[in-house]
Amino acid sequence: MISFCHEKDEISFYQESQLKQGHTIYELQKRGKTESVYSTDEVALWQLNLLNGCIHVSGSEESDSCTMQRSGGIVGNSGQPWVLRRVRLTWLSFMLFFILVFFPLIAHYYLTTIDEAGGPDKRIFGPRPGGELCEAKHVQDLCRIRESVSEELLQLEAKRQELNGEIARLNLRIEACKRSIDSAKQDLLQLKNVISQTEHSYKELMAQNQPKLSLPVRLLPDKDDPGYPPPKSVQNCRLHTCFDYARCPLTSGFPVYVYDTGSYPWGEKLDPLVKQAFASSIKSSVYVTDNPNIACLYIVLVGEIHESPSSPPASPLDLEKQLKALPYWRLDGHNHLLVHLSRKSLTQNFLYNVSTGRAAVAQSTFFEHQFREGFDMVVSPLVHALSEPNFLEVPPQVPVKRKYLFTFQGEKVESLRSSLLEAPPQSFEEEMEGDPPADYDDRIIGTLKAVQDSHLDQVLVEFTCKNQPKPSLPTEWALCGEREDRLEVLKVSTFALVISPGDVQLVASAGCSMRLFEALEVGAIPVVLGDHSKLPYHHLIRWSEAVIMVPKPRITELHFLLRSISDNDLLAMRRQGRFLWETYFSTSESIFSTILASVRTSIQIPAAPIREEPAQEIPHKAGKLAGTDANMADNGDLDLGPVEVEPPYASPRFLRNFTYTAADVYRTWNRAPGPFHLFPHTPLDPVLPSEAKFLGSGTGFRPIGGGSGGSGKEFQAALGGNVPREQFTVVMLTYEREEVLMNSLERLNGLPYLNKVVVVWNSPKPPSDDLLWPDIGLPIVVVHTEKNSLNNRFLPWDAVETEAILSIDDDAHLRHDEIMFGFRVWREARDRIVGFPGRFHAWDVNHQSWLYNSNYSCELSMVLTGAAFFHKYYAYLYSYVMPQAIRDMVDEYINCEDIAMNFLVSHITRKPPIKVTSRWTFRCPGCPQALSHDDSHFHERHKCINFFVKVYGYMPLLYTQFRVDSVLFKTRLPHDKTKCFKFI
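Here we summarise the structure given alongside this text. In this text the structure is predicted, and so the values were computed from the model without any measurement.

1. Some points on the overall build of the protein chain
A count of helical and extended segments in the protein chain gives 25 helices and 28 strands. When the 984 residues of the protein chain are sorted by exposure, 46% land in the buried category. Sequence separation of at least 24 residues holds for 78% of the intrachain contacts in the protein chain that already meet a minimum separation of 6. Roughly 51000 Å² of accessible area belongs to the protein chain as shown, and the carbon and sulfur atoms make up 56% of that amount.

Structure, rendered in structure tokens:
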């Protein structure tokens, strides 16, 4: 039984009545489902009982009290109708609602207006005028307490603000300390790396038994010459018997003293053109010194003598006396070189029958008993006394086959009449059965005439000059016509015959040398008939690579021999001949330099170091520490370099100072650029076998996995490869694009193996004073240039201390993994250009010329140097060895410097460049437009290519049909292995 019959206040009664009403309706509904439906009066009676606060629920029975209340409510026994009770309940509910809602609002309003009245007279709880509210004692106490609390609150607020300021200052100090700690950690890590590298280098140095070489320190001879024991016979002079090595230490620098032509009697009789050309060559030589006391070599110009009837040449005896009267002759003339330069085919053998003591002789005409092998030297005649050869007038090297198979024009008066009247020659075998012929020239005439009459090939042979032949020595074939006429014939000749003198005692003659060099100049391959002749510098130059030497007895087989040579060999010989002529014989300066280089090489003194361009650095301010763009260095979970960052490390220099003159002589003399310069390093140095780095020659090597190899993780931790560790230098050319430049420099932050960045500031306007350069943790050298020239990109700046150079434009956008992969590829192909954007040269069939093409192609022949690796060796060649006409055209068009570099490298190596990755362009989005966007850009590059071909004489560019990707690219690997590069 549950009974609710209790008195409550109005709020509780209302709430409980609502609950009871809901419960009663629920019971009525329940009963309605089981018994019968109640009438409306019965439902109202139940609601009235709920309002009265009394209900009794007990199964099916009802209490009497509740029944009485229901009955009374219905019939009105209590005297109050039930409607009045409902009104009273409504009024109570309304009052309750008013108290609960409006009273809190009113209280909130009065409380929020405290102290906002604007003055002490309007304050609600404050003191009123006249002390109305503060008369009472307890109110005054409360006011004092309030004022005291207010003051304390103000003090606490001030103290709080002071503490907040102190906290802010301490936070700043904490941040500064954190930065200082980070910087100290970086310095400590760098010091640890330096110590680690130093310990490693120390161990390597202790393990090897070889001094560390550098640029030679100059060591000069003594002022006093102690003398040298004379040889048994001056005719048997050799370097080890007649040359004083004590005056020429290996590190002396090869000082040369040249006698003034006015200091000896026959100097006035010298040919004026020869004297002038000789004087200009002396001024440009780095070896010539004015101090004779320190000289290693003394040079005396003895010819060519200007012939004059009024002044006959001196007798041999008088000439010997004049030579001994030279101030530094020192009795026997040791370490002297007597130079005779010829301008004519018939030149006086000025020193014939003259005892020169221990002085060496350099001239173009020698008899066998006069020539001292290994001591005297055969030199070329002075073809161009003062004029420079015009490279554009030289015919191209292709087509290979020219109009005439071979040509010869000459006259030999002594044997001409008998040769023309003689019957057809017998076979060589028939002659060998009897007596050998006294003069093979007669047989040569008959055989060549027979070849010409056969018309198998078009040849030109003339044994009679149309005009008066040039004077010549006895038994020597005289030259016909003027030099220009002879060159025109040679330009249309595949081969040019050079018949050596009939007198075998005449081992070298000026006439034969002139034929030889005229043929080399225009690309006709010389064919020397007679193996007894000694060609200029034959002990250093491999003439077999440019000249066909045929003994005279093989004249009957000459036609077959010449026709059997392939086009590849013909072009190789023609190209080598062009190199020899340009390098050693084309100008008076090259002839004089070749004479000095021959003596210097013979006594094993290295050449003078090639000049480096001094970098005039522009001061600049470093700004904030540059961040690393994740997109620029993304390589998955692998680093792009070793965990221990190596400090800047310069490439070793001048390690092969004496190798070039001791073990590499023939390659130096027979390959460009020749023996005139000593390079700090070259890309052609020999490579050690793989086991050498583990067996005593491991200095500087960093094998992958210590030699055991590995995949991505081990690969990125070491450079590996076939050469020792090294770094590279970024050379960036820029012109008034500061924002683009700063962005490019920031992208280099964190790049492994980077040594430094050299910014070539190509603008005459200096950088802005307020320009803040990014701090990338490595030196940034800003170089000032004398003029705005694209050639400045390839100057060999002395600030570049590494062999590897990454030439990159200021708007080039390359990822770090792309750069690192290119660097690793270049290390295996050091003699080539390795880069990203490829181009090729296309043949224009309609105009029979070359075109520059940048379209997508399966072949390429150039890699643009706006994003490419190359060896610093080529920067020297580009700036100091490559023909000046090419650099002039680059300045004229402000274009084509990248094409010129590709021409140069392909010309030197005869190899195409190497392209890495799939990138075809490299411009960054949103960068200002460069010169390459000009409409005339491609037209100028067409012209450049064809002009460069004229200068070189042929097209040196070669095609390639592949690009390079990493070893494990697109290879499925086990889960415990990683790729070398994630995207390459």
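2. Quick notes on helix α16 (residues 588-602)
Here α16 is 15 residues long and its end C-alpha atoms lie 21 Å apart, about the 21 Å a rise of 1.5 Å per residue gives. Burial analysis of α16 places 12 of its 15 residues in the buried class, which makes it a mostly covered element. The complete set of buried residues in α16 reads Ser-588, Ser-590, Ile-591, Phe-592, Thr-594, Ile-595, Leu-596, Ala-597, Ser-598, Val-599, Arg-600 and Thr-601. Directly beyond the C-terminal end of α16, a positive phi value near 65° is found at Gln-604.

3. Observations regarding empty space enclosed by the protein
Going through the model one piece at a time under the given rule, you end up with 12 cavities of 30 Å³ or more. In this model, the largest cavity occupies a volume close to 200 Å³. In terms of lining, the largest cavity is formed by 19 residues, of which the most central are Tyr-660, Thr-668, Gly-674, Pro-675 and His-677. Put simply, the parts of the chain that give the lining of the largest cavity at least two residues each are α16, α17 (659-662) and α18 (665-670). At 3 residues, α18 tops the list of elements feeding residues into the lining of the largest cavity. In terms of residue class, the lining of the largest cavity is built from 10 nonpolar, 6 polar and 3 charged. Here the second largest cavity defines a volume of roughly 160 Å³. Surrounding the second largest cavity, 13 residues form its lining, Gln-409, Arg-486, Leu-490, Leu-497 and Arg-515 being those nearest its centre. Elements that contribute at least two residues to the lining of the second largest cavity include exactly β9 (404-409), α12 (483-490), β11 (493-499) and α13 (510-522).

4. Re the pattern of salt bridges
Counted by the stated rule, this structure contains 38 salt bridges. Across the pair Lys-470 and Glu-482 runs a salt bridge, and its minimum N-O distance is 3.3 Å. Of this pair, Lys-470 sits in the loop between β10 (460-462) and α12 while Glu-482 is found in the loop between β10 and α12, placing the two residues 12 residues apart along the sequence. Residue Lys-470 is classed as partly exposed on the basis of its relative accessible area, which comes to 28%. The class of Glu-482 is partly exposed, set by a relative accessible area of 44%. Here Arg-653 and Glu-612 are joined by a salt bridge, their closest N and O atoms 3.6 Å apart. Of this pair, Arg-653 sits in the loop between β16 (621-625) and α17 while Glu-612 sits in the loop between α16 and β15 (616-617), and the two are 41 residues apart along the sequence. Linked through salt bridges whose partners overlap, the residues forming this network are Arg-656, Asp-664, Arg-667 and Asp-685.

5. A few points about a nonpolar patch on the surface
On the surface, Phe-97, Phe-98, Ile-99, Phe-102, Leu-105 and Ile-106 cluster together into a nonpolar patch covering about 590 Å² of accessible area. In this structure, Ile-106 sits in helix α4 (residues 82-112). Overall, the relative accessible area of 44% leaves Ile-106 in the partly exposed class.

6. Points about unusual backbone geometry
Cis geometry marks the peptide bond from Gly-303 to Glu-304; its omega dihedral reads 25°. Secondary-structure assignment places Glu-304 in the loop between β4 (297-303) and α8 (316-324). Across the junction of Ala-672 and Pro-673, the peptide omega takes the value 10°, indicating a cis bond. Mapped onto the fold, Pro-673 is located in the loop between α18 and α19 (712-717). Located in the positive-phi region is Leu-331, a residue other than glycine, with phi close to 70°.

7. Description of the nonpolar core
Counting 84 residues, the largest nonpolar core has Phe-254, Trp-266, Ile-299 and Trp-543 as the members making the most contacts within it. What Ile-299 contacts, discounting residues up to four positions off in sequence, is Val-256, Tyr-257, Val-258, Tyr-259, Phe-278, Leu-337, Val-339, Phe-592 and Leu-596. In this structure, Ala-868, Met-889, Phe-903 and Leu-904 belong to the second largest nonpolar core, which totals 51 residues.

8. Observations regarding the state of the cysteines
Scanning the entire structure with this criterion turns up 4 disulfides. Each sulfur of the disulfide joining Cys-248 and Cys-296 lies 1.6 Å from the other. Handedness of the Cys-248-Cys-296 disulfide follows from its S-S torsion of about 95°: it is right-handed. Of the two residues, Cys-248 is situated in the loop between α6 (239-242) and β3 (256-258) and Cys-296 in the loop between α7 (272-283) and β4; the sequence distance between them amounts to 48 residues.

9. Examining the packing of helix α23 (residues 884-893) against helix α25 (residues 937-952)
Between α23 and α25, the least distance of the axes is 10 Å, while the angle of their chain directions is 170°. In this view, α23 runs roughly antiparallel relative to α25, as classed from their interaxial angle. Judged by residue contacts, Ala-885, Ile-886, Met-889, Val-890 and Tyr-893 of α23 engage Glu-940, Lys-943, Cys-944, Phe-947, Phe-948, Val-951 and Tyr-952 from α25. Taken together, the residues of the contact of α23 with α25 sort by class into 10 nonpolar, no polar and 2 charged.

10. Details of the packing of aromatic side chains
This model, assessed by the stated rule, comprises 40 aromatic pairs. On the basis of an interplanar angle of 35° and a centroid distance of 4.4 Å, the ring pair of Tyr-264 and Trp-266 is categorised as tilted. For Tyr-264, a relative accessible area of 4% corresponds to the buried category. A relative accessible area of 3% places Trp-266 in the buried class. An angle of 80° between the planes, with centres 5.4 Å apart, marks the rings of Phe-728 and Phe-869 as edge-to-face. On the criterion of sequence distance, the pair formed by Phe-728 in strand β17 (residues 728-734) and Phe-869 in strand β26 (residues 867-871) is long-range, its members being 141 residues apart. The class of Phe-728 is buried, set by a relative accessible area of 0%.

11. Observations regarding helix α20 (residues 738-746)
If you check which residues of α20 are buried, you get Val-740, Leu-741, Met-742, Ser-744 and Leu-745. Its buried side turned inward, α20 meets β17, β18 (754-761), β19 (772-775) and β20 (780-784).

12. Regarding the pairing of β20
Burial runs high along β20: 4 of the 5 residues are buried. Alignment of β15 against β20, held across 2 bridges, turns out to be antiparallel. Across the sheet, the residue bridging to Gln-616 is His-784, located in β20. Relative to β20, β18 runs parallel, the two being bridged by 5 bridges. Paired with Val-757 across the two strands is Ile-780, which belongs to β20.

13. Describing the sheet that holds strand β23 (residues 838-844)
Strand order in the open sheet formed by 3 strands is β24-β23-β25, with antiparallel pairing between adjacent strands. What marks the edges here is a single partner per strand, and that holds for β24 (849-853) and β25 (862-863). Bridge count for β23 against β24 is 5 bridges, and the pairing is antiparallel. When the sheet's bridge partners are listed, Trp-843 is paired in β24 with Trp-850. Across the face of the sheet, α25 comes into contact with β23, β24 and β25 while running at roughly 135° to β24.

14. Some points on the pairing of strand β13 (residues 525-529)
Successive residues of a regular strand alternate their side chains across the two faces of the sheet. A large share of β13 lies buried, amounting to 5 of its 5 residues. Burial along β13 is two-sided: Ile-525, Val-527 and Leu-529 facing one way and Pro-526 and Val-528 facing the other are all buried. In terms of strand pairing, β11 meets β13 through 5 bridges, oriented parallel. Following the sheet pairing, Val-498 is matched in β13 by Val-528. The pairing of β13 with strand β14 (residues 548-550) spans 3 bridges and is parallel. Bridge pairing in β14 links Val-528 to Met-549.

15. Re the sheet that holds β3
Strands in a sheet are paired, the pairing made by backbone hydrogen bonds, and the direction either parallel or antiparallel. Pairing within the open sheet is parallel, and its 5 strands lie in the order β3-β4-β5-β6-β8. This sheet does not close on itself; its edge strands, each paired only once, are β3 and β8 (377-378). In terms of strand pairing, strand β5 (residues 336-340) meets strand β6 (residues 360-363) through 3 bridges, oriented parallel. The residue of β6 that forms the bridge with Val-339 is Ala-362. Packed on one face of the sheet, α7 meets β3 and β4 and runs near 160° to β4.

Thresholds applied
- Every chain is numbered on its own, with residues counted from 1 as its sequence reads.
- Owing to the predicted nature of the model, reporting of local features is limited to residues with pLDDT of at least 70; listing and counting of side-chain atom pairs is limited to 80 or more, with chain, interface and lining totals taken over all residues.
- Think of the side-chain values as coming from all heavy atoms in the structure, minus any hydrogens and water.
- Numbering of helices and strands runs from the N terminus; a helix is a DSSP stretch of H or I covering at least four residues, while a strand is a stretch of E covering at least two.
- Three exposure classes are used, based on accessible area relative to the maximum for each residue type with a 1.4 Å probe and protein chains only: buried under 20%, partly exposed in between, and exposed over 50%.
- Should any heavy atoms of two residues lie within 4.5 Å, those residues are considered in contact.
- Using the Shrake-Rupley algorithm and a 1.4 Å probe, accessible areas are obtained, with residue cover drawn only from the displayed protein chains.
- The span one expects for a helix is its residue count, reduced by one, times 1.5 Å.
- For cavity detection a 1 Å grid was placed over the protein atoms alone, and a set of points counts as a cavity when a 1.4 Å probe fits there but cannot get out; an open set counts as a pocket when protein lies on both sides within 12 Å along at least five of seven lines, with lining residues being those that have an atom within 4 Å of a point.
- Grid points are joined across faces, edges and corners, and a volume is the space filled by probe spheres set on the points.
- Note on residue categories: nonpolar means Ala, Val, Leu, Ile, Met, Phe, Trp, Tyr, Cys or Pro, charged means Asp, Glu, Lys or Arg, and polar means any other residue, Gly included.
- The salt bridge criterion pairs a side-chain nitrogen of Lys or Arg with a carboxyl oxygen of Asp or Glu, the two atoms within 4 Å.
- Only residues whose relative accessible area exceeds 30% and that take part in no salt bridge are eligible for patches, with like-charged residues grouped when within 9 Å of each other and nonpolar side chains (Val, Leu, Ile, Met, Phe, Trp, Tyr) grouped when within 5 Å.
- Nonpolar cores were defined as sets of buried Ala, Val, Leu, Ile, Met, Phe, Trp, Tyr and Cys residues, with membership established by side-chain atoms within 4.5 Å.
- Counting rule for disulfides: a pair of cysteine sulfur atoms within 2.5 Å.
- Lines fitted to C-alpha atoms define the axes, with helix axes restricted to the stretch in contact, and inter-axis angles between N-to-C directions lie between 0 and 180 degrees.
- Comment on the angle field: the value is read as roughly parallel under 35 degrees, roughly antiparallel over 145, roughly perpendicular from 65 to 115, and oblique elsewhere.
- Between rings of Phe, Tyr and Trp, where Trp is taken as its six-membered ring, a pair exists when centres lie within 6.5 Å; planes separated by under 30 degrees are stacked, by over 60 edge-to-face, and by other angles tilted.
- At least two bridges found by DSSP between two strands is the condition for calling them paired.

Limitation: the analysis is restricted to geometry and does not speak to function.
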